[in-house]
Amino acid sequence: MLSKVQHRGPDGSGIFEYAGVGIGQSRLSIIDVEGGQQPMSDSTNSYWITYNGELYNYQELRVQLRLKGFAFKTNSDTEVVLQAYACWGKECVSFFRGMFAFCILDTIRKELFLARDQFGIKPLVYATGPDLFAFASEIQALRPVSGMDWEINLTGIDQFLSYQYIPAPYSIFNGVKKLLPGHFMRVDFAGSILEVTQYWDIDFASDSTKSQAYWLESIEQAISDSVQAHLVSDVPFGAFLSGGVDSSLVVSQMAKKMKSPLKTFCIGFEEKDFSEIEFARKVAVKYGTDHHEEIVKPRALEILPDLVKHYGEPFGDSSAIPTYYVSKLARKEVTMVLSGDGGDELFGGYENYTTRWIKHFSPIPEHLPIYKKAVYFGMNKIIPEKYPLRTASLTDWKRYIEYFNQQHRSHLWKKEFQEQFAGSDDFIKDVWLQAKQYSHFHKTQYTDFKTYLPYAVLTKVDIASMMHSLEVRTPLLDVEVIKLASQIPEKFNTHKINGDWVGKDILKRILTKEMGENFAYRKKMGFGVPLNHWFGDSNKVQGEIQERILSRGNLLENYFQRTELEKIAFGSQSGKQWLLIFLQEWLTQNT
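Residues numbered from 1 in each chain as written. Predicted model: local features only at pLDDT ≥ 70, side-chain atom pairs only at ≥ 80, totals over all residues. Heavy atoms only, no water.

1. Observations concerning the overall build of the protein chain
Here is step 1 of the chain: Within the protein chain, the secondary structure is distributed over 24 helices and 18 strands.
Here is step 2 of the chain: Radius of gyration (C-alpha) of the protein chain: 24 Å, near the 25 Å computed for a compact globule of 591 residues.
Here is step 3 of the chain: Taken along its principal axes, the extent of the C-alpha atoms in the protein chain is 80 × 60 × 45 Å.
Here is step 4 of the chain: Looking at the protein chain as a whole, 60% of its 591 residues are labelled buried.
Here is step 5 of the chain: Counting contacts in the protein chain only where the partners sit at least 6 residues apart, residues at least 24 apart contribute 70% of the total.
Here is step 6 of the chain: With the model as given, the accessible surface of the protein chain reaches about 24200 Å², and the carbon-plus-sulfur share is 49%.
Here is step 7 of the chain: Of the side-chain charges in the protein chain, 66 are positive and 71 negative, and the distance between the mean point of each set is 4 Å. (Helix = DSSP H or I, 4+ residues; strand = E, 2+ residues; numbered from the N terminus. Rg over C-alpha atoms; globule rule 2.2 N^0.38 Å. Buried < 20%, exposed > 50% of the residue type's maximum accessible area, 1.4 Å probe, protein only. Contact = heavy atoms within 4.5 Å. Areas by Shrake-Rupley, 256 points an atom, 1.4 Å probe, with all protein chains shown as cover. Lys, Arg positive; Asp, Glu negative; His and termini not counted. Charge placed at Lys NZ, Arg CZ, Asp CG, Glu CD.)

2. A closer look at the packing of aromatic side chains
In this description, a pair of aromatic rings is defined by centroid distance and the angle of the planes.
Here is step 1 of the chain: Going through the model one piece at a time under the given rule, you end up with 45 aromatic pairs.
Here is step 2 of the chain: Seen from their ring centres, Tyr-324 and Tyr-325 are 5.2 Å apart, and the 90 degrees between their planes marks the pair as edge-to-face. Neither residue differs from the other here; Tyr-324 and Tyr-325 are each classed as buried.
Here is step 3 of the chain: Considering the side-chain rings of Tyr-350 and Tyr-353, the 5.8 Å spacing of their centres and the 50 degrees angle between planes classify their relative orientation as tilted. (Phe/Tyr/Trp six-rings, centres within 6.5 Å; stacked < 30°, edge-to-face > 60°.)

3. Comments concerning the nonpolar core
Here is step 1 of the chain: Membership of the largest hydrophobic core comes to 148 residues, with the highest contact counts inside it found for Ile-219, Met-254 and Phe-560.
Here is step 2 of the chain: Core analysis: the next-biggest nonpolar cluster, separate from the first, contains 25 residues, Leu-61, Ala-84, Phe-100 and Phe-113 among them. (Core = buried A, V, L, I, M, F, W, Y, C linked by side-chain atoms within 4.5 Å.)

4. Considering the environment of Arg-299
Here is step 1 of the chain: As for its placement among the helices and strands, Arg-299 is situated in the loop between β14 (290-296) and α7 (300-311).
Here is step 2 of the chain: Residues Arg-299 and Ile-321 lie 22 residues apart in sequence; the distance between their C-alpha atoms is 9.0 Å.

5. A word on the sheet that holds strand β11 (residues 193-198)
Here is step 1 of the chain: Across the sheet, six strands lie side by side as β3-β4-β5-β6-β10-β11; this open sheet has antiparallel pairing. Of all the strands in the sheet, the pair left with one neighbour each is β3 (40-41) and β11.
Here is step 2 of the chain: Where strand β4 (residues 47-55) and strand β5 (residues 98-106) come together, nine bridges link them in antiparallel fashion. By the bridge assignment for β5, Thr-50 is matched with Cys-103. (Pairing = 2+ DSSP bridges.)

6. Some remarks on the state of the cysteines
Here is step 1 of the chain: Here the structure, examined in full by the defined rule, presents zero disulfides.
Here is step 2 of the chain: Free cysteine: Cys-87, not disulfide-bonded; nearest cysteine sulfur from Cys-92 at 9.6 Å.
Here is step 3 of the chain: On the basis of relative accessible area, Cys-87 is assigned to the partly exposed category, the value being 26%. (Disulfide = S-S within 2.5 Å.)

7. Brief notes about the side chain of Asn-153
Here is step 1 of the chain: Tracing the sequence through the fold places Asn-153 in the loop between β8 (132-136) and α3 (154-163).
Here is step 2 of the chain: A polar side-chain atom of Asn-153 sits 3.0 Å from the main-chain carbonyl oxygen of Ser-171.
Here is step 3 of the chain: Not counting residues within four places of it along the chain, the set of residues in contact with Asn-153 comprises Tyr-170, Ser-171, Ile-172, Phe-173 and Asn-174. (Polar contact = N/O pair within 3.5 Å; in protein donor to acceptor, adjacent residues only side chain to side chain.)

8. Some words on the environment of Ser-224
Here is step 1 of the chain: Tracing the backbone shows Ser-224 in helix α4 (residues 212-230).
Here is step 2 of the chain: A relative accessible area of 13% means that Ser-224 is categorised as buried.
Here is step 3 of the chain: Along the sequence, Ser-224 and Val-250 sit 26 residues apart, while their C-alpha atoms lie 8.4 Å from each other.
Here is step 4 of the chain: Those residues in contact with Ser-224, other than ones at most four positions away along the chain, are Gln-253 and Lys-257.
Here is step 5 of the chain: At 2.7 Å, the side chain of Ser-224 and the side chain of Lys-257 are in polar contact.

9. A closer look at unusual backbone geometry
Here is step 1 of the chain: Here the residue pair Gln-38 and Pro-39 is connected by a cis peptide bond, since its omega of -5 degrees sits within 30 degrees of zero.
Here is step 2 of the chain: One can find Pro-39 in the loop between β2 (21-26) and β3.
Here is step 3 of the chain: For the bond from Ala-168 to Pro-169, the omega torsion is 10 degrees, close enough to zero to count as cis.
Here is step 4 of the chain: Locating Pro-169 in the fold gives a position in the loop between α3 and β9 (176-178).

10. Regarding the sheet that holds β8
Here is step 1 of the chain: With antiparallel pairing, the three strands of this open sheet are ordered in space as β8-β7-β9. Looking at strand neighbours, the two that pair on one side only are β8 and β9, the edges of this open sheet. The sheet shows a mean angle of 25 degrees between the axes of neighbouring strands, taken without regard to direction.
Here is step 2 of the chain: Where strand β7 (residues 125-129) meets β9, three bridges bridge the pair, whose relative direction is antiparallel. By the bridge assignment, Ala-127 is partnered in β9 with Val-176. (Axes fitted to C-alpha atoms, helices over the stretch in contact; angles between N-to-C directions.)

11. Digging into the pattern of salt bridges
Between side chains of opposite charge, a pair can form when the charged atoms approach closely.
Here is step 1 of the chain: A full pass over the atoms with the stated rule returns 36 salt bridges.
Here is step 2 of the chain: Salt-bridge contacts for Asp-462 lead to Arg-8; the nearest nitrogen and oxygen are separated by 3.0 Å. Residue Asp-462 is located in helix α16 (residues 452-466), and its partner Arg-8 is located in the segment before β1 (13-18); the two are separated by 454 residues in the primary sequence.
Here is step 3 of the chain: Measuring nitrogen to oxygen at the nearest pair gives 2.6 Å for the salt bridge that ties Asp-425 to Lys-398. Separated by 27 residues along the polypeptide, Asp-425 in the loop between α13 (406-412) and α14 (426-434) and Lys-398 in helix α12 (residues 394-401) bring together distant segments of the chain.
Here is step 4 of the chain: Here Asp-425 falls in the buried class, since its relative accessible area comes to 7%. (Salt bridge = Lys/Arg side-chain N within 4 Å of Asp/Glu carboxyl O.)

12. Regarding helix α8 (residues 320-331)
Here is step 1 of the chain: Compared with the 16 Å implied by 1.5 Å per residue over twelve residues, the 16 Å span of α8 between its first and last C-alpha is a close match.
Here is step 2 of the chain: Within α8, ten of the twelve residues are buried, which leaves the element mostly enclosed by the surrounding structure.
Here is step 3 of the chain: For α8, the complete set of buried residues consists of Ala-320, Ile-321, Pro-322, Thr-323, Tyr-324, Tyr-325, Val-326, Ser-327, Leu-329 and Ala-330. (Expected span 1.5 Å × (residues − 1).)

13. Section: the packing of α12 against α14
Here is step 1 of the chain: For the pair α12 and α14, interaxial distance at closest approach is 11 Å and the crossing angle is 125 degrees. The pairing of α12 with α14 is recorded here as oblique in orientation. By crossing handedness, the relation of α12 to α14 is classed as right-handed. Two secondary-structure elements touch here, α12 through Leu-394, Trp-397 and Ile-401 and α14 through Ile-428, Lys-429 and Trp-432.
Here is step 2 of the chain: The class makeup of the residues in the contact of α12 with α14 is five nonpolar, no polar and one charged. (Parallel < 35°, antiparallel > 145°, perpendicular 65-115°, else oblique. Left-handed = near helix turned anticlockwise from the far one by under 90°. Nonpolar A, V, L, I, M, F, W, Y, C, P; charged D, E, K, R; others polar.)

14. A few points about helix α19 (residues 505-515)
Since there are 3.6 residues in each turn of an α-helix, residues three or four apart along the chain are aligned in direction.
Here is step 1 of the chain: Buried residues dominate α19, accounting for eight of its eleven residues.
Here is step 2 of the chain: Of the positions making up α19, those classed as buried are Asp-505, Ile-506, Leu-507, Lys-508, Ile-510, Leu-511, Glu-514 and Met-515.

15. A short note on the environment of Ala-134
Here is step 1 of the chain: Relative to the helices and strands, Ala-134 is located in strand β8.
Here is step 2 of the chain: Looking at Ala-134, the relative accessible area reads 7%, which means it is buried.
Here is step 3 of the chain: Along the primary structure Ala-134 and Ser-208 are separated by 74 residues, whereas in three dimensions their C-alpha atoms are 47 Å apart.
Here is step 4 of the chain: Leaving out residues up to four positions away in the same chain, Ala-134 has contacts with Val-125, Tyr-126, Ala-127, Leu-142 and Val-145.

This is how it looks when you write it as structure tokens:
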């Protein structure tokens with residue numbers, strides 16, 4: 001099992017066994033390089049831990065625990081997690097500020113305690129079976145375990161086609177589950193799950209009593225403090241710098257706190273409409289960073305087998321490609337980087353929130369002239385299909401986040417499979433229901449925070465970076481930052497400027513002080529890849545796409561209608577093509 005995840009921890013490994021239970025660790029050394037070997041025990045050998053992640057408040061917790069009589073033999077944050085459990089038991093997770101997935105073998109209670117960080121930055125997958133419980137950071141690490149159920153979860157494939165990911169607690173295999181973010185679980189030594197409990201959730205509770213000036217000052221200070229906490233490291237580190245608002249803001253805070261030049265890393269594309277490399281250069285020049293950049297050419301299909309192997313299940317976010325390349329670039333120089341992930345979900349940065357979703361707040365389309373608005377309700381009663389009233393329902397939201405919508409999927413699947421997928425949307429319906437008390441705007445933020453952020457964004461970053469043994473830290477996803485950000489009234493994040501909707505206004509105002517208004521308020525580009533160009537500009541690439549999707553015996557035809565596969569293979573929707581290509585490669589590797 002350890003050999004399957006050696007790329008995540010090339011600096012050492014260890015195993016501890018007790019009473020028929022074994023835990024192991026492949027370590028990437030970041031803090032206390034010499035003293036932090038794992039599995040680690042407390043001074044009484046009652047508790048043993050295998051731990052992935054970083055605790056940013058471990059020094060403060062160490063002081064608290066010492067006052068309670070706990071002694072420490074290392075300077076590592078791992079030992080703090082261990083002693084916190086010895087002190088507070090399962091309540092320890094409520095004290096942690098960081099990113100983590102860990103398991104503590106408790107010889108006193110004869111059970112395992114497993115936990116995952118509040119936001120899902122670090123992964124934790126597990127499997128159960130007769131007399132069996134196994135867990136790991138990646139699915140492929142479970143492969144050597146005998147007695148597991150490796151039957152394919154077809155509902156998971158349907159979720160992948162719809163959302164480009166398979167949400168927790170599900171996976172592509174019936175026998176493999178994922179621990180949800182902000183949850184812990186207890187498992188006895190017989191392999192039975194005793195408890196799965198949510199210990200944290202975000203709450204978008206707007207505080208309208210505070211002024212814009214208050215939020216600007218408070219958020220800037222919170223981000224500054226978080227960046228400072230995230231700089232704790234005993235190895236070389238740097239930052240991803242895409243040139244966008246979030247990464248530029250993080251780099252500006254890092255550069256102010258460091259004595260030597262900060263190392264920054266950026267990749268761009270030959271297609272200028274997709275490349276922010278010139279803006280990254282401006283930030284690098286402003287702060288005098290040691291800047292490294294690389295232009296990525298169309299090689300998506302070359303690295304596809306490696307991506308599929310490491311993600312372990314179908315995963316369709318094509319921005320995994322640039323994340324792969326920028327991680328590879330960074331790892332040549334450093335072991336750890338900071339990134340700007342989380343800013344869009346917390347501060348309303350996606351166009352889905354502004355130019356799209358916000359239009360649904362009014363039942364009448366806002367772009368209509370006044371005289372048409374005056375008769376719209378009457379016309380709706382006469383011809384409702386031509387003059388529909390807009391709503392802000394989950395069905396409306398799904399328009400913007402689905403790749404293959406329900407109608408497309410019903411045409412795509414062979415008839416014998418179609419009845420199995422009635423529950424594909426249950427996970428997002430549950431999240432939407434949990435957000436029923438929020439405004440229309442905060443409903444979508446909450447839904448993204450509980451679904452798209454952990455299952456697409458953070459999964460993408462974790463796997464693509466750890467393929468290269470690179471740790472990525474996310475200072476915007478910090479409990480103290482989120483505590484403030486979730487209270488900001490939406491009018492301070494999203495509003496109209498010169499007739500156009502603008503998102504993430506708080507962060508843009510902060511960045512404007514550093515980089516100017518034109519830099520901060522330019523059109524959002526995102527961290528995507530020019531798939532349409534890459535797939536459309538080369539007859540060779542088009543031929544390979546069609547070969548992968550349509551060749552006899554490629555396994556896609558076991559599940560899908562050939563006529564629909566042909567439409568996609570010969571069509572121009574590169575996003576759908578990428579999903580099917582990834583799935584085809586995954587089926588080839590795993591069946």
